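Here is what each chain is made of, one letter per residue.
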Amino acid sequence: MGADAGQGSGSPPGVRPGALTDLLRQVAEAPLASEAEPAPLLPGAVVGRFEILRELGRGGFGVVYEARDRELGRQVALKFVRAGPAEADEGRVRREAEAIARLSHPNLITLHDVGRSDGSPYLVFELLRGKTLQERIDAGPLPVQEAVQIAVEVARGLAHAHAEGVVHRDLKPSNVFVTAKGQVKILDFGMAHAFGRRRLSGGTPAYMAPEQWEDDPEDERTDLFALGVMLHVMLSGEYPFPEGDGRWSAGAATAPKLDVPGAPGLAELIARLLEKTPKGRPRDGAAALAALTPIEEALRSKPTEGTPTRHARRRRATLGERLSSPGGRRLLGWGAAVGLGALLAVGAGFILRPAGGTQGAVAPEAQPSIAVLPFADLSEKKDQAYFADGVAEEILNALAGLHGLRVTGRTSSFSLRDSKEDVSAIGRKLGVATLLEGSVRRAGTRARVTAKLVNVADGFTLWTETYDKELTDVFGVQEQIARAVVAALKLKLVVGEAPSVATHRTRRPEVYDAYLVARRLLKQGPEGWVAAVPAYEKTLALDPGYGPAWAELAEALYWASEMTMGTERAQLRDRALPAAERGVALAPELATAWSTRGFLRTLLRWDFEGGRQDFTRALALSGGDARVLRDYGAVILPPLGKLDEGIAALVRSTELDPLDSMAWFFLTYCYAGKGDWERASRAGARALAVDPGNVYASFWLSVIQLVQGRAGEALAAGSKNQHPAFWQAIEAMAFHSLGDRRRSDQLIEKLEGEFADIGPYQLAEVRAWRGDHDKAFEWLERARMKYDSGLVELRHDPLLRSLRGDPRFAALLKRLNLPPD
């Protein structure tokens, strides 16, 4: 009986296995490509299944075009690569190429495909819209918080790639892209090595580590040196060593220490990143992320004034502008390439803004932000609340899918349904600049919908409108309201983007009506889970092809199984995953269809890799969905050993949905898994402040006291837990720590008699804490067989720490399809 993250996704097409290796083999066997400028491809030219639309830029590594995939109907970036000489260890290069093709992370640009045309290799990437970090730096030094947030996102991408054995080797601001939505993407990851260009012609030498100049072995720490240079330049506007054209190894000087007000530890970290010898730097991207995360959190909790460092001034156009290629042509690379960025998780996105959440109102210069409050039911019989909620929720989802707009999650905004506070107070509580409120009056086959957009700062109405339509036009009304909000906020949408509720469209009002009734039951929590199952079945009886209902039926089946026992529990769970599969097939553009399938693949099949792929797809479709981020950060990343990335995703989720008690609870156990008791306690306290009845947060706050040697306090706090399994488990462990073995034995006997079916994981925790290792492993195996979701905590659970060195622990990880410690 663990704390399931559900309630709130199938792998993206990607590159076929071996494709990049095959391409490299062909390149290696072909004559060395000429350095002459390739003949340009004109608009309308066709390369494979791609139609050229325009050239975006060219540089030492190749030429980039915007193209249209004629089969999939999407815009892509088509990059023709100038291949360099093959490396001596071609096998290693090819192995790394395959690793590159497998990389999938929100902070890395997605590689869709590879191929050859007229002897030239090309790569097909997602198309990005926005600016390179170099262009951002050209405008002057960055505010401290913005620079740190960008560095954190880069470190997240590096951590993922380094874990897969891939090193970038040419990290620099022109290879870091900030999308129009504020997402940070690393470009050309590993391509320098894969295509025989360890030192790119046309590259900027300022970011090369000493070992690169000396032709010494390169590893993950080479990328961290470049990250250190980037941080130094972002903050100061200057390179740490302008002398020697970036050849840091030429002299004995060390980097000048920066003065960074309000960011303790940042200057010291930059100095470590810039150590001349690799052994003086953090080990890899994960280590850099671990060092940056507390700095970012300190800045978020006490934001600086946003000013650059004290000595900063506009960067001199010297070293950063000089290129090693003949003719001094400016390297565009991706340059000003524009396109759609996909946000994954893991805490990515919306970095160019002050922190939201509970830290106060968003500053005027921050990214536009909005909370959609539940619409009031003004129908005569007051029986249309489910319909009013549905209208508001569809508008919320349509807005959340847009670039450049931060939308508060449903849990937070709908929790204020009956609030008597004024708009300023609600806006501060949710950390947004605008609120959308409205009402619905339904009569017969018509509905009157009124919506109003309010500015939080002064309470003024920015826009208001009333729509009187037939129920068949309700989707059009929802989209009209969303478009009016976009216009009022003066959002600049990317090409081809518009608010849409197309995924939920149906021509039959009775289908949508039945669906909204079922959804309202599902959102009611335990009281409505069981009733939601037949309600969704009624919807699907009316329309068996309605994808959203299949996706949510899968969710309802899983949660209803939590309320049942024995055969019925198994039957409900057996139906859940097939329903999720149907939802993905019928509604592939619905992010929650993918996240639901990913959640169920993980917890009902222990298919963590499949779950990760589904969540990757969900976040690509809706990176601003707080619940998807929450579940990804809680259920997928920690068990896979990516605890820091999980924390980052959960922090992002709490920013988007600050009143989601479960997100704060998941942060509690993730911080506890790191041994960061202070942050864990704060997150747990926040969870209980939002929802005093959160039994999971209450349990973990007692666990924190227990592992800190405060058994008496844990005993007192545990007795207040409203779930008998949790408070008895705490008592059993606390009495053991206090030396009362007899009382502890009595409680264990009671626990095992009453909660063996629903709480095997908690029983394993109690046994492990007492040192009963054989019994602990028996209960863990029982938890595995019963698909106890508590096992997602296994790798980092402080109560199980004594089991980690036992060979049975490694064997259990293997049976759960998890990587070894």
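Residues numbered from 1 in each chain as written. Predicted model: local features only at pLDDT ≥ 70, side-chain atom pairs only at ≥ 80, totals over all residues. Heavy atoms only, no water.

**Here we look at the overall build of the chain**
Tallying secondary structure elements over the chain gives 30 helices and 15 strands in all. The buried share of the chain, taken over its 821 residues, is 61%. Total accessible area on the chain is roughly 30700 Å²; 52% of this is exposed by carbon and sulfur atoms. (Helix = DSSP H or I, 4+ residues; strand = E, 2+ residues; numbered from the N terminus. Buried < 20%, exposed > 50% of the residue type's maximum accessible area, 1.4 Å probe, protein only. Areas by Shrake-Rupley, 256 points an atom, 1.4 Å probe, with all protein chains shown as cover.)

**Thoughts on the nonpolar core**
Of all hydrophobic cores here, the largest spans 151 residues; its most connected members are Phe-375, Leu-399, Leu-436 and Leu-780. Residues within four places of Leu-780 in sequence aside, it is in contact with Tyr-761, Ala-764, Leu-791, Leu-794, Leu-800, Leu-803 and Leu-812. If you look at the next biggest cluster of nonpolar residues, it comprises 48 residues, including Leu-108, Leu-142, Val-260 and Leu-273. (Core = buried A, V, L, I, M, F, W, Y, C linked by side-chain atoms within 4.5 Å. Contact = heavy atoms within 4.5 Å.)

**Some points on the confidence of the model for the chain**
When pLDDT is averaged along the chain, the result is 79; 79% of the residues meet or exceed 70. Overall, residues 31–36 carries pLDDT values under 50, and its contacts beyond four positions in sequence, including any with other chains, amount to 7 contacts. For the stretch residues 303–366, pLDDT sits under 50, and the model shows 222 contacts to residues farther than four places along the chain or on other chains. (pLDDT = per-residue confidence, 0-100.)

**Description of the packing of helix 18 (residues 591–605) against helix 20 (residues 626–636)**
Contact geometry of helix 18 with helix 20 gives a least axis separation of 11 Å together with a crossing angle of 15°. Considered as vectors, helix 18 and helix 20 are oriented roughly parallel to each other. The two elements helix 18 and helix 20 cross, and the hand of that crossing is left-handed. Residue-level contacts link Thr-592, Ser-595, Thr-596, Phe-599, Thr-602 and Leu-603 of helix 18 to Arg-627, Val-628, Val-635 and Ile-636 of helix 20. Taken together, the residues of the contact of helix 18 with helix 20 break down into 5 nonpolar, 4 polar and 1 charged. (Axes fitted to C-alpha atoms, helices over the stretch in contact; angles between N-to-C directions. Parallel < 35°, antiparallel > 145°, perpendicular 65-115°, else oblique. Left-handed = near helix turned anticlockwise from the far one by under 90°. Nonpolar A, V, L, I, M, F, W, Y, C, P; charged D, E, K, R; others polar.)

**Quick look at the side chain of Asp-389**
Inspection of the secondary structure puts Asp-389 in helix 10 (residues 385–400). Judged by relative accessible area, which is 5%, Asp-389 ranks as buried. Setting aside chain neighbours within four positions, we find Asp-389 in contact with Pro-374, Phe-375, Arg-410, Phe-414, Arg-417 and Arg-520.

**Describing the pairing of strand 10 (residues 369–372)**
Here strand 10 shows a buried face lined by Ser-369 and Ala-371 and a second buried face lined by Ile-370 and Val-372. Relative to strand 12 (residues 406–407), strand 10 runs parallel, the two being bridged by 2 bridges. Directly across from Ile-370, in strand 12, lies its bridge partner Val-407. With 3 bridges connecting them, strand 10 and strand 13 (residues 434–443) associate as parallel partners. Looking across to strand 13, one finds that Val-372 is bridged to Leu-436. (Pairing = 2+ DSSP bridges.)

**A word on the pattern of salt bridges**
One pass over the full model with this rule turns up 56 salt bridges. Asp-644 is paired through a salt bridge with Lys-674; the nearest N and O atoms lie 2.9 Å apart. Remark: Lys-674 occurs in the loop between helix 22 (661–673) and helix 23 (677–690) and Asp-644 occurs in helix 21 (residues 643–656); sequence separation between them is 30 residues. Residue Arg-808 is joined to Asp-806 by a salt bridge in which the shortest nitrogen-to-oxygen separation is 2.9 Å. By relative accessible area, which is 33% here, Arg-808 ends up partly exposed. (Salt bridge = Lys/Arg side-chain N within 4 Å of Asp/Glu carboxyl O.)

**A word on the pairing of strand 13**
Of all 10 residues in strand 13, 7 are buried; the element is thus mostly enclosed. For strand 13 and strand 14 (residues 446–455), the ladder comprises 10 bridges, and the chain directions are antiparallel. Residue pairing for strand 14: Arg-442 is matched across the bridge by Ala-447. Counting the residues in the hairpin turn of strand 13 and strand 14 gives 2 residues, including Gly-444, whose phi is positive at 60°.

**Regarding unusual backbone geometry**
Despite not being glycine, Lys-382 has its phi angle at roughly 55°, a positive value. For Lys-382, the location among the structural elements is in the loop between strand 11 (376–377) and helix 10. Backbone geometry places Tyr-787, a non-glycine residue, at a positive phi of 55°. Of the residues examined, Tyr-787 reaches a relative accessible area of 30% and is grouped as partly exposed.

**Re the sheet that holds strand 7 (residues 130–132)**
Spatial ordering of the open sheet is given by 7-8-9, a layout of 3 strands whose pairing is antiparallel. Of all the strands in the sheet, just strand 7 and strand 9 (184–186) have a single pairing partner and so form its edges. Neighbour to neighbour, the strand axes of the sheet diverge by 25° on average, direction disregarded. Where strand 7 lies against strand 8 (residues 176–179), 3 bridges are found, and the strand directions are antiparallel. Within the sheet, the bridge partner assigned to Thr-132 lies in strand 8 and is Phe-177. Along the sheet, helix 4 (residues 144–163) contacts strand 8 and strand 9; its crossing angle with strand 9, the most-contacted strand, is approximately 45°.

**Thoughts on the side chain of Asn-721**
On the secondary structure map, Asn-721 appears in the loop between helix 25 (711–718) and helix 26 (724–737). What makes Asn-721 buried here is its relative accessible area of 5%. Ignoring any residue separated from it by four or fewer positions in sequence, one finds Asn-721 in contact with Val-695, Ser-698, Phe-699, Phe-726 and Trp-727.

**Topic: the packing of aromatic side chains**
This model, assessed by the stated rule, comprises 22 aromatic pairs. Centroid distance Tyr-515 to Tyr-546: 5.4 Å. Interplanar angle 90°. Geometry classified as edge-to-face. Here Tyr-546 lies in the loop between helix 15 (526–542) and helix 16 (547–561) and Tyr-515 lies in helix 14 (residues 509–523), a separation of 31 residues in the sequence. Residue classification places Tyr-515 among the buried residues on the basis of a relative accessible area of 0%. Seen in terms of ring centroids, Trp-559 and Phe-599 are 6.3 Å apart; in terms of plane orientation they differ by 25°. Their pairing is stacked. (Phe/Tyr/Trp six-rings, centres within 6.5 Å; stacked < 30°, edge-to-face > 60°.)

**Considerations on helix 29 (residues 773–785)**
In a regular helix each residue adds 1.5 Å, so 13 residues correspond to 18 Å; helix 29 covers 18 Å between its end C-alpha atoms and thus fits that length. All of the buried residues in helix 29 are Ala-776, Phe-777, Trp-779, Leu-780, Ala-783 and Arg-784. Down the axis of helix 29, the smallest arc covering the buried residues is 160°, so these residues share one side. When the buried face of helix 29 is taken as reference, the exposed residues oriented beyond 90 degrees from it are Asp-774 and Met-785. On the buried face of helix 29, the contacting elements are helix 27 (741–754), helix 28 (760–770) and helix 30 (807–815). Looking one or two residues past helix 29, Tyr-787 carries a phi angle of roughly 55°, positive in sign. (Expected span 1.5 Å × (residues − 1). Arc of directions from axis to C-beta.)

**Topic: the packing of helix 23 against helix 24 (residues 695–707)**
It is the contact of helix 23 with helix 24, at a shortest axis distance of 9 Å, that shows an interaxial angle of 155°. On the basis of the axis angle, helix 23 is roughly antiparallel to helix 24. Between helix 23 and helix 24 the crossing geometry is left-handed. Contacts between helix 23 and helix 24 involve Trp-677, Ala-680, Ser-681, Gly-684, Ala-685, Ala-687 and Leu-688 from the first element and Ala-697, Ser-698, Leu-701, Ile-704 and Val-707 from the second. Across the contact of helix 23 with helix 24, the residue classes tally to 9 nonpolar, 3 polar and no charged.

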